[in-house]
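A structural walkthrough
Each chain is listed here by its residues.
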Amino acid sequence: MLSGKKVLLGVSGGIAAYKTPLIVRLLIKQGAEVRVVMTPSALDFVTPLTLATLSQNPVHSTFTAETSGEDHPRWNNHVELALWADLFLIAPATSNTISAMAHARCNNLLLACYLSAQCPVFVAPAMDLDMYAHPANQSNMAKLAEFGNVIFPAQDGFLASGLEGKGRMMEPQDIVERLESHLAKNAPLRGKTVLITAGPTYEAIDPVRFIGNHSSGKMGYALAEEAAALGANVILVSGPTAQTTETNTIKLVEVISAAEMYTAVFEHYHKVDIAIAAAAVADFKPQDKANQKIKKNVGLSNISLVETQDILAEMGHQKKHQFLLGFALETENEIENATAKCQKKNLDAIVLNSLNDKEAGFGGDKNKITFIEKEGTKHAFELKSKTAVARDIFQQIIQLG
Ligand code: CTP
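Report follows, based on the coordinates. (Residues numbered from 1 in each chain as written. Predicted model: local features only at pLDDT ≥ 70, side-chain atom pairs only at ≥ 80, totals over all residues. Heavy atoms only, no water.)

1. Remarks on the pairing of strand β5 (residues 121-125)
Our working definition: For every residue, the accessible area obtained with a 1.4 Å probe (protein chains only) is divided by the maximum for its type, and the residue is called buried under 20%, exposed over 50%, and partly exposed between those limits. The way it works is that DSSP assigns letters per residue, a run of H or I at least four long becomes a helix, a run of E at least two long becomes a strand, and they are numbered from the N terminus. When DSSP finds at least two bridges between two strands, those strands are taken to pair.
Counting buried positions along β5 gives five out of five residues, so the element sits mostly inside the fold. Burial of β5 is two-sided: the residues Val 121, Val 123 and Pro 125 facing one way and the residues Phe 122 and Ala 124 facing the other way are all buried. In terms of strand pairing, strand β4 (residues 87-93) meets β5 through four bridges, oriented parallel. By the bridge assignment for β5, Leu 89 is matched with Phe 122. Here β5 pairs with strand β6 (residues 150-151) via two bridges, running parallel. From the neighbouring strand, Phe 122 faces β6, where its bridge partner is Val 150.

Dropping the structure here:
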């Protein structure tokens, strides 16, 4: 479950910080990407060099870059760090750090990241038994739980003070297992396979020229990342685009033409649970491809075109258990035409792309959609980033079961 996840680890200044290199190692072993922020006092317990070496990323503990080597200090951007994270683990969390988190105090980088984080936050407290049991600390922890943070309760055992009782940080192995089971619970597409087509197709005229379109592939790739984040195994059949993915649960199959996309899709279609046709497949291709580059002096007065195979229509035709979603781009009678397309191609739902908004559609980072179910129920969404649109689309699919 942690594979490909971006984990921000916040280390505060308690003796249990000496166990954090093990947390980093375990996370990396599970395929997570890890970045570490430390409070200044954590530096007394574990070295940034150890954590940077294990995480393969620089470790930050101040608001400005520690070793920029430049005339002017550079900012360690806590907002960027916090928004980068898929999950934020604060381990160990001292009484002081927990109190500051509960009261929105922000006098170090870890706390600034906490207040900026949009992702799930996990807190592994560690302190002496009386501090842990103190009503002030208990009430601060309860407050964090109220904010939606997940508390990994401290464990019974020997404490650095020589006393014995509840206050030890949960063991690194248990912390990582809990993170995994939390992710599993929140991964509604776990065990499912999702097939997505993305990008344009290029239909060759001769060895160097083709008929194509302006599709950037951004919507299809955003859908693939969202499906992977929801726990699915993804097969992404993509035409030529500048998009890339490093998520290891996304299998990228690169194709050029509609015919290649067709073959790649039907290699997998029968065994997938959800299929989404987000590609802007060329509707027509040259009837014949010249074997050599067509020379200017030979001339070319016309190109005879023939229809490409409609991949989505064939998916609808062969549909058994799959949930099948198509896209529609319409310029008039949008809803009627999209609904008709949904029924004609035997889809479960169709996403209507609106061209009425200048910022939406091909090439850009935003999209404005209406999700139409096969019997006509409509859900209209605002103009949003393609990442947010992908989230909306999967929420609809999951709701439809
Ligand atoms: N599509 C496909 N194969 C094609 C053409 C389209 O799989 N050869 C898919 C697209 O990925 C999209 C949907 O069909 O999900 C709708 O494409 P669109 O071009 O809007 O519709 P068409 O069926 O081609 O009809 P028209 O162009 O006449 O509106």
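2. Details of the sheet that holds strand β1 (residues 6-11)
Strand order across the open sheet formed by six strands is β3-β2-β1-β4-β5-β6, with parallel pairing between neighbours. Of all strands in the sheet, those with a lone pairing partner are β3 (59-60) and β6, marking the two edges.

3. Things to note about the site of the ligand
Operational definition: For each residue, the test is whether any non-hydrogen atom lies within 4 Å of the molecule or strand; if one does, the residue is near. Nitrogen and oxygen atoms within 3.5 Å of one another constitute a polar contact, given that in protein one can donate a hydrogen and the other can accept it, and given that sequence-neighbouring residues count only through two side-chain atoms. Here the open area of atoms and residues is found with the Shrake-Rupley method and a 1.4 Å probe, where only the protein chains shown may cover a residue.
Taken together, 15 residues sit near the ligand, with Ala 277, Ala 279, Phe 327, Lys 341 and Lys 345 positioned nearest. Here an oxygen atom of the ligand sits 3.1 Å away from a polar atom, N or O, in the side chain of Asp 283. In the complex, 75% of the free accessible area of the ligand, which totals 570 Å², lies under the protein chains. Going through the elements one at a time, α11 (311-317) and β17 (323-329) are the ones with two or more residues in the shell around the ligand.

4. Here's the deal with the packing of helix α4 (residues 95-102) against helix α5 (residues 109-116)
Here is the rule we go by: Lines are fitted to the C-alpha atoms to define the axes, a helix being fitted only along its stretch in contact, and any angle between axes, read from their N-to-C directions, falls within 0 to 180 degrees. By the definition adopted for this analysis, an angle is roughly parallel if under 35 degrees, roughly antiparallel if over 145, roughly perpendicular if from 65 to 115, and oblique otherwise. Here a crossing is called left-handed whenever its near helix is offset anticlockwise from the far helix by less than a right angle, and right-handed whenever the offset is clockwise. Contact definition: two residues touch when any of their heavy atoms are within 4.5 Å. In the scheme used here, Gly and all other residues not listed as nonpolar or charged are polar, with Ala, Val, Leu, Ile, Met, Phe, Trp, Tyr, Cys and Pro taken as nonpolar and Asp, Glu, Lys and Arg as charged.
Here α4 crosses α5 at 40 degrees, and the two axes come no closer than 10 Å. Between α4 and α5, the crossing angle belongs to the class labelled oblique. For the element pair α4 and α5, the recorded crossing hand is right-handed. Counted together, Thr 97, Ala 100 and Met 101 of α4 and Leu 110, Leu 111 and Tyr 114 of α5 form the full contact between these two elements. Of the residues belonging to the contact of α4 with α5, the class tally is five nonpolar, one polar and no charged.

5. Looking at the packing of α4 against helix α7 (residues 135-146)
Packed helix pairs are characterised by how far apart their axes lie and by the angle those axes make with each other. Orientation of α4 relative to α7, taken along the N-to-C sense of each, is 50 degrees, at an axis distance of 9 Å. As far as their axial angle goes, α7 and α4 are oblique. Crossing geometry of α4 relative to α7 is assigned as left-handed. The residues of α7 that touch α4, namely those facing Ser 95, Ile 98, Ser 99, Met 101 and Ala 102, are Asn 137, Asn 140, Met 141, Lys 143 and Leu 144. For the contact of α4 with α7, the per-class residue count stands at five nonpolar, four polar and one charged.

6. Description of the pattern of salt bridges
To keep it simple, the criterion reads: Here, a salt bridge means any Lys or Arg side-chain nitrogen found within 4 Å of an Asp or Glu carboxyl oxygen.
According to the stated counting rule, one finds ten salt bridges in the structure shown. Residue Lys 19 is joined to Glu 171 by a salt bridge in which the shortest nitrogen-to-oxygen separation is 3.1 Å. Highlighted residues: Lys 19 in the loop between β1 and α1 (20-29) and Glu 171 in the loop between β8 (164-168) and α8 (172-185), separated in sequence by 152 residues. Taking relative accessible area as the criterion, Lys 19 reaches 14% and is therefore assigned buried. Asp 348 is the salt-bridge partner of Lys 319, the closest N and O atoms lying 3.2 Å from each other. Placement of the pair is Lys 319 in the loop between α11 and β17 and Asp 348 in the loop between α12 (334-344) and β18 (349-353), with a sequence separation of 29 residues. For Asp 348, a relative accessible area of 13% corresponds to the buried category.

7. A look at the sheet that holds β17
The sheet built from eight strands is open, its strands ordered β13-β12-β9-β14-β17-β18-β20-β21 with mixed pairing. Only two strands of the sheet have a single neighbouring strand rather than two, namely β13 (250-254) and β21 (378-380). Taken over all neighbouring pairs, the strand axes of this sheet differ in orientation by 15 degrees on average, direction set aside. The sheet contact formed by strand β12 (residues 233-238) and β13 spans five bridges and is parallel. Bridge assignment links Leu 236 to a residue of β13, and that residue is Leu 252. Docked against the sheet, α12 engages β17, β18, β20 (369-373) and β21, running at close to 145 degrees with respect to β18.

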